[in-house]
Amino acid sequence: GAQLVSRLEHDLAISSCFQRLADLNLPAAGELTKLDAVGKISLHVQALYGLHSSRAAKALQRDPHITHANTRQTVLAALAGIQTACMQAVPYSQLYWLVFNATVHLHKVAAPLITAGFHQEALPYYVFAAKALEAHLQLSGTQYLPWRLQMYAAAAHCYSALSSSGLSSDSPGAAVLPAAAAADKTPAGIKSAPSASRPAEVAAIATQAQQLLLDGLADISKVVSAQALDPVPPPPAVTTALQAAKSQLLLLQVLFDMGAAADLQGAVSSSNVLEMLKPLGTSESKLTALLGLLMAGVSSKPQPMQ
């Protein structure tokens, strides 16, 4: 199936591989296979990842800019399917690599939504990806930090875009946003200027964004505390990576709370973040500057683990 996907033969990959394997429903297959329970779940989840990713890739191949409603529906269904499949692997520590793979697939499918301006739709899946990486012990190592930071940055991008522009009213991401958003009748994909009548809504979005980043900082602090209890100090590269991750999350916080810039003194190469941002009048300009500074250090394109 993966070879067919690499050749963009999505229909064939779906019909001859992923759909057939998914339809077997191996976790419920009983004694029909010699695989143990974990092996059955592994194959089943891999088939679902391939199935949903291929459906999204096929739709995006036809409509890369997501100009048609049915393309968006297909992409959102694929994202939901990948997330649901991932949840089957989460309880098994030995399947940590499938949790990682889910975040890679989610990013590949969700990134075109951000490019097309559907930030609200993409947001919950980036939050899920960040949380999934954050919660899994086997994925807490510094080698996975750059990828996790990219998920935080993408989520922060969505939060910032939503707080400075209109919100769509009919997306599955509505549950992540304030209930007041449901009353907004802005057509999906059409952005409106920030309204002074929605300060509470914008404040709530900022609060959610800050909480996500604070959770990330708390997780990094746990790793640092655990290392402090080890009589053998960590290698300098590990300490540097953790400090860099902390700095980058603090930098993202400045998008939603300029007061957080005080915590950045001495933590980033920029001599004065507030001075850097002062000439940038709009939230969009600040977003571009901060994300550019962050992503220069963490942007990567990992491939799914085998």
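Provided above is the structure to which this section pertains.
Residues numbered from 1 in each chain as written. Predicted model: local features only at pLDDT ≥ 70, side-chain atom pairs only at ≥ 80, totals over all residues. Heavy atoms only, no water.

Engineer: How should the overall build of the protein chain be read in this particular structure?
Structural biologist: In terms of regular secondary structure, the protein chain is built from 11 helices and 0 strands. Secondary structure elements in the protein chain, listed N-terminal to C-terminal, are α-α-α-α-α-α-α-α-α-α-α. Out of the 306 residues belonging to the protein chain, those deemed buried represent 46%. Within the protein chain, contacts between residues at least 6 apart in sequence are counted, and of these 69% link residues at least 24 apart. Carbon and sulfur atoms provide 59% of the accessible area of the protein chain, an area that totals close to 14,900 Å². (Helix = DSSP H or I, 4+ residues; strand = E, 2+ residues; numbered from the N terminus. Buried < 20%, exposed > 50% of the residue type's maximum accessible area, 1.4 Å probe, protein only. Contact = heavy atoms within 4.5 Å. Areas by Shrake-Rupley, 256 points an atom, 1.4 Å probe, with all protein chains shown as cover.)

Engineer: Could you clarify how one ought to interpret helix α6 (residues 119-135) in this entry?
Structural biologist: Note on helix geometry: an α-helix contains 3.6 residues per turn, so any two residues three or four positions apart are oriented the same way. The end-to-end C-alpha separation of α6 is 24 Å, in line with the 24 Å expected for 17 residues at 1.5 Å each. With respect to burial, α6 is a largely interior element, 15 of its 17 residues being buried. (Expected span 1.5 Å × (residues − 1).)

Engineer: Can you help me understand helix α4 (residues 69-89) in this one?
Structural biologist: For α4, which comprises 21 residues, the first-to-last C-alpha distance of 31 Å matches the rise-based estimate of 30 Å (1.5 Å per residue) to within 8%. Considered for burial, the residues of α4 that qualify are T71, R72, V75, L76, A78, L79, G81, I82, A85, C86 and A89.

Engineer: Looking at this structure, how should I read the environment of L26?
Structural biologist: Along the chain, the position of L26 falls in the loop between α2 (10-24) and α3 (37-62). Along the primary structure L26 and S42 are separated by 16 residues, whereas in three dimensions their C-alpha atoms are 9.3 Å apart. Those residues in contact with L26, other than ones at most four positions away along the chain, are L21, K40, L43 and H44.

Engineer: Hey, could you run me through unusual backbone geometry in this one?
Structural biologist: Glycine aside, negative phi is the norm for most residues, and most peptide bonds take the trans geometry. Although it is not a glycine, I66 adopts a positive phi angle of roughly 50 degrees. Looking at the secondary structure, you find I66 in the loop between α3 and α4.

Engineer: In this structure, what is going on with the packing of aromatic side chains? I would like to understand it.
Structural biologist: How two aromatic rings sit relative to each other is given by the distance of their centres and the angle of their planes. Applying the stated criterion across every chain, the model contains 1 aromatic pair. Their ring planes at 55 degrees and their centres at 5.6 Å tell us that F100 and Y144 sit as a pair that is tilted. Of this pair, F100 sits in helix α5 (residues 96-115) while Y144 sits in the loop between α6 and α7 (145-164), placing them 44 residues apart in sequence. The two residues F100 and Y144 agree in class, both being buried. (Phe/Tyr/Trp six-rings, centres within 6.5 Å; stacked < 30°, edge-to-face > 60°.)

Engineer: Can you help me understand the pattern of salt bridges in this one?
Structural biologist: Pairing is possible between side chains that carry opposite charge, provided their charged atoms lie close to one another. Taken as a whole and judged by the stated rule, the model has 4 salt bridges. In this structure, D215 and K131 form a salt bridge, with 2.6 Å as the shortest nitrogen-oxygen distance. One end of the pair, D215, is in helix α8 (residues 199-228); the other, K131, is in helix α6, with 84 residues separating them in the sequence. Overall, the relative accessible area of 28% leaves K131 in the partly exposed class. As a salt-bridge pair, D219 and R148 come within 2.6 Å of each other at their nearest N and O atoms. Of this pair, D219 sits in helix α8 while R148 sits in helix α7, placing them 71 residues apart in sequence. What makes D219 buried here is its relative accessible area of 12%. (Salt bridge = Lys/Arg side-chain N within 4 Å of Asp/Glu carboxyl O.)

Engineer: Would you explain the packing of α4 against α6 in this entry?
Structural biologist: Two quantities define a packed helix pair, namely the angle between the helix axes and the distance between the axes. In the contact formed by α4 and α6, the axes pass within 11 Å of each other and the chain directions differ by 20 degrees. The angle between α4 and α6 falls in the class roughly parallel. Between α4 and α6 the crossing geometry is left-handed. Facing α4, whose interface residues are R72, L76, L79, A80, Q83, C86 and M87, α6 presents E121, Y125 and F128. (Axes fitted to C-alpha atoms, helices over the stretch in contact; angles between N-to-C directions. Parallel < 35°, antiparallel > 145°, perpendicular 65-115°, else oblique. Left-handed = near helix turned anticlockwise from the far one by under 90°.)

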